[in-house]
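So the chains spell out like this:
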Amino acid sequence: MFGIILTIIAFEIGVSIRNKWRNPLFNPILIATILIIGFLTITGISYDTYKVGGDYISFFLGPVTVLLAVPLYRHIQALKNAWLPILAGIVVGSTVSIVCVIACAKIFGISKTLMLSLIPKSITIPMGSVVSEQIGGIPSITIVSIVITGITGAVTAPLVCRFFRIKNPVAQGVAIGTASHALGTTKAMEIGEVQGAMSSLSIGVAGVVTVFITPVLLRVFG
Amino acid sequence: MRILLQLALILGICYAGDLIHDFTGIPVPGNILGMLILLLLLCLKIVKLEQIREISDFFLKRLAFFFLPPAIGLMLVGDDVKSQWPLLLFLCIVITIVTMAATGWTVQLLSKKSKNKNP
């Protein structure tokens, strides 16, 4: 019980802080994670005690991931207009993201487990955490890196589009969704309707593409 | 559809995804296979969006909540990882920007080409 109550309270605090300031830096997951870890550390309650309640919540990760089909289905019609550039962009973007992680890990001497944890950092949390588990990463590190990636996308998207001269609205949307999932999409929706729809579509597609190309890229570059 | 039946349907799809993963051994997690099954059912109109509206609204609106327990696993991460956080933060930021640029350029380039072909 304890773990469930603590998680709900921390999450609600995180959501109300986000609603108050509407700034991507105030991310509910980040706030709630800090609150929960802080609370457990200060009170000296062990992670295992927390996990008893936490596991009841984690049980629902399966159904939550399956339900991602709903937003994907809602936006899949957007593919019909220009499916080739969109799909090509997502495949290229996802590949670049994964290859960059592998290359940086080699350059900076990051451990293999850590590298595997960072590989699915650009995709939505449900898919990213299962990919991480599947390839031998640490899901908790993956989740935090996904949140950092999303915040980066939401904060930098307008600047990146201007600096790299990405002017086509479809290209902007696909770029934001592929690089920074649902968090970046919040920004894409502010920029424009086309950008928002394309970004929403790209979240799911980039997730599926990453699931399928990760084992291949790991075999080639890993 | 009643909400408990909706939940049963989604759990059933989840279970089917796990079974397919276990029996075929394909390197795609069962949850993702479940998602693809539901997407297929929706595209074929076997399941309609209205039939799973309550359950999908309930879970998708508070999606982040269900990921808090796994995120708290961060507590167990060793000192070797903790010392690398500044580097990881930096890499996450840089790689995100590179990914965004690469994706945007590809889409922009290919859309221009297809436009030029059919003036």
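Computed from a predicted model, the values in this text were never measured in an experiment.

Engineer: Describe the overall build of chain B, and please don't skip the residues or the numbers.
Structural biologist: Regarding its fold elements, chain B presents six helices and zero strands. When its helices and strands are written in sequence order, chain B yields α-α-α-α-α-α. For chain B, whose C-alpha radius of gyration is 21 Å, the value lies well above the compact-globule estimate of 14 Å for 119 residues. For the C-alpha atoms alone, the extent of chain B along its principal axes is close to 60 × 45 × 35 Å. Split into buried and exposed, the 119 residues of chain B put 38% on the buried side. A sequence separation of at least 24 residues applies to 37% of the contacts in chain B between residues at least 6 apart.

Engineer: Tell me what's going on with the domain arrangement of chain B, and back it up with residues and numbers.
Structural biologist: It is common to report an interface's size as the accessible area lost on association of the parts. The domain boundaries assigned to chain B delineate domain 1 (1-64) and domain 2 (81-119). Relative placement of domain 1 of chain B and domain 2 of chain B: their C-alpha centres are 31 Å apart.

Engineer: So what about helix H1 (residues 2-21) of chain A? Which residues, and what values?
Structural biologist: With 20 residues, H1 of chain A extends 29 Å between its outermost C-alpha atoms, agreeing within 8% with the 28 Å of an ideal straight helix rising 1.5 Å per residue. Residues Gly3, Leu6, Thr7, Ala10, Phe11 and Gly14 of chain A constitute the buried set of H1 of chain A. Each buried residue of H1 of chain A lies within a common arc of 125 degrees when the element is viewed along its axis, so the set occupies one face. Across H1 of chain A from its buried face, at more than 90 degrees, point the exposed residues Ile5, Ser16, Asn19 and Lys20 of chain A. Tucked inside the fold, the buried residues of H1 of chain A contact helix H2 (28-43) and helix H3 (47-58) of chain A together with helix H4 (68-72) of chain B. Backbone geometry just after H1 of chain A places Arg22 of chain A at a positive phi near 50 degrees.

Engineer: Tell me about the interface of chain B and chain A, and name the residues and values.
Structural biologist: With 59 residues of chain B at the interface, the matching set in chain A holds 85 residues. At the level of elements, helix H1 (3-24), helix H2 (30-43), helix H3 (53-61), H4 and helix H6 (85-117) of chain B are the ones that each hand at least two residues to the side of chain B that touches chain A. If you tally residues by element for the side of chain B that touches chain A, the top one is H6 of chain B, at 23 residues. Considering only residue class, the side of chain B that touches chain A consists of 46 nonpolar, 13 polar and no charged.

Engineer: I'd like a rundown of the packing of helix H6 (residues 83-108) of chain A against helix H10 (residues 169-191) of chain A, residues and numbers included.
Structural biologist: Residue and element names in this part refer to chain A. Running from N to C, H6 and H10 cross one another at 35 degrees; their axes reach a closest spacing of 10 Å. For the element pair H6 and H10, the recorded crossing hand is right-handed. Two secondary-structure elements touch here, H6 through Ile86, Gly89, Ile90, Gly93 and Ser94 and H10 through Val170, Ala171, Val174, Ala175, Thr178 and Ala179. When grouped by side-chain class, the residues that make up the contact of H6 with H10 number seven nonpolar, four polar and no charged.

Engineer: I'd like to hear about the domain arrangement of chain A, residue by residue, with values.
Structural biologist: Residues and elements named next belong to chain A. One can read the domain layout of chain A as domain 1 (2-59) and domain 2 (71-221). Here the C-alpha centre of domain 2 lies 25 Å away from the C-alpha centre of domain 1. Each side of the interface is counted separately: domain 1 has five residues, and domain 2 has five residues. Residues that form the side of domain 1 that touches domain 2 fall into these classes: four nonpolar, one polar and no charged.

Definitions and cut-offs
Residues numbered from 1 in each chain as written. Chains lettered and ligands numbered in written order. Predicted model: local features only at pLDDT ≥ 70, side-chain atom pairs only at ≥ 80, totals over all residues. Helix = DSSP H or I, 4+ residues; strand = E, 2+ residues; numbered from the N terminus. Rg over C-alpha atoms; globule rule 2.2 N^0.38 Å. Buried ≥ 20, exposed ≤ 12 C-beta atoms within 10 Å, placed from the backbone. Contact = placed C-beta atoms within 7 Å. Domains from an automatic or database assignment. Expected span 1.5 Å × (residues − 1). Arc of directions from axis to C-beta. Nonpolar A, V, L, I, M, F, W, Y, C, P; charged D, E, K, R; others polar. Axes fitted to C-alpha atoms, helices over the stretch in contact; angles between N-to-C directions. Left-handed = near helix turned anticlockwise from the far one by under 90°.

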